[in-house]
Amino acid sequence: MASGIRAEIKIDDPANCVVTAASAATDGRVLSVSRSTSADTPERVSVEFLLEAETYPETFDTDVELSPVFSYGSSRVYRFTRELGDGCPCECIERHGSPVVDVSTLGSSLFLTFHAEDMEGLQAIIGDLKQQYSNLDVQRLLQSQQEHTEQQLVFVDRSKLTARQLEVLETAHQMGYFDHPKRANAGEVADELGIASTTFTEHLAAAQTKLLDSILEYDER
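First things first, this report covers the structure right here in the doc. Remember, predicted model here, so these are calculated numbers, not experimental data.

1. Focus on empty space enclosed by the protein
So, step 1. By the definition in use, this model includes one cavity of 30 Å³ or more.
So, step 2. One number sums up the size of the largest cavity: a volume of about 150 Å³.
So, step 3. Grouping the amino acids of the lining of the largest cavity by side-chain chemistry returns 11 nonpolar, one polar and three charged.

2. A word on the pairing of strand 1 (residues 5–12)
So, step 1. In terms of burial, strand 1 is largely enclosed, as six of its eight residues are buried.
So, step 2. Pairing between strand 1 and strand 7 (residues 109–116): eight bridges, direction antiparallel. Looking at strand 7, one finds that alanine 7 is bridged to phenylalanine 114.

3. A closer look at the packing of aromatic side chains
So, step 1. In total, this model carries seven aromatic pairs according to the counting rule given.
So, step 2. Centre to centre, the rings of tyrosine 177 and phenylalanine 178 are 5.3 Å apart; their planes meet at 85°, and the pair counts as edge-to-face.
So, step 3. The class for tyrosine 177 is buried, based on a relative accessible area of 14%.
So, step 4. Looking at phenylalanine 178, the relative accessible area reads 38%, which means it is partly exposed.
So, step 5. The rings of Phe49, Tyr56, Phe60, Tyr78 and Phe80 are connected pair by pair, giving a single aromatic cluster.
So, step 6. The ring centre of tyrosine 177 lies 3.6 Å from the NZ or CZ of lysine 182, which sits over that ring.

4. Things to note about the nonpolar core
So, step 1. Core analysis: the biggest nonpolar cluster contains 38 residues, and Ile9, Phe49 and Leu66 have the highest contact counts within it.
So, step 2. Each residue touching phenylalanine 49, except ones within four places of it in the same chain, is listed here: Val19, Ala22, Val30, Ser32, Val33, Leu66, Arg76, Val77, Tyr78 and Phe80.

Conventions adopted
Residues numbered from 1 in each chain as written. Predicted model: local features only at pLDDT ≥ 70, side-chain atom pairs only at ≥ 80, totals over all residues. Heavy atoms only, no water. 1 Å grid on protein atoms, 1.4 Å probe; cavity = no way out; pocket = protein on both sides within 12 Å on 5 of 7 lines; lining within 4 Å. Points joined across faces, edges and corners; volume = space filled by probe spheres on them. Nonpolar A, V, L, I, M, F, W, Y, C, P; charged D, E, K, R; others polar. Buried < 20%, exposed > 50% of the residue type's maximum accessible area, 1.4 Å probe, protein only. Helix = DSSP H or I, 4+ residues; strand = E, 2+ residues; numbered from the N terminus. Pairing = 2+ DSSP bridges. Phe/Tyr/Trp six-rings, centres within 6.5 Å; stacked < 30°, edge-to-face > 60°. Lys NZ or Arg CZ within 6 Å of the ring centre and 35° of its normal. Core = buried A, V, L, I, M, F, W, Y, C linked by side-chain atoms within 4.5 Å. Contact = heavy atoms within 4.5 Å.

Following this line, the structure appears as structure tokens:
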């Protein structure tokens, strides 16, 4: 039975994403994106997306030409072609063998959904993306279970902690500060770290706040 992970991520103002550029230019939202390639021109990809906005410019300030091909009331479908391998977020994910299954935008924010085979594969994808896109946020993780239920996971980015905050957390955990009953108090952990008790509590509070933000804070589209 599959035990993969469904990941939903958000990237603010990603470079090399024509779809997000069009969404940001109109302060609108893209509801769906489809892509196709041709055997005659395998090095190029055609992209269509449904843009919903109040007004639409005659032209967009993008590196490729966007052609309106259909209208659904106040929404429009645009099409463009580009070279494969331009380093857009979708291609970055799919290099790891994980197709992007859902693409949408809201203004300058891009939302992507994909499936990773396991946590190691997920970390490789997220690490690759973060090398190119600093404004990346993991919105939601779901892990499939054999009993056909889903377990919600949280992706905690350790890089958000300073080296000192991480050291404080690791030392406190190893000494049993978080055990019940405690095996070490704040003064004992502080002495082990060679810092004042007040400094220890300040570092610990800052680290815990960052971790709780990752666990409890979910952005709404």
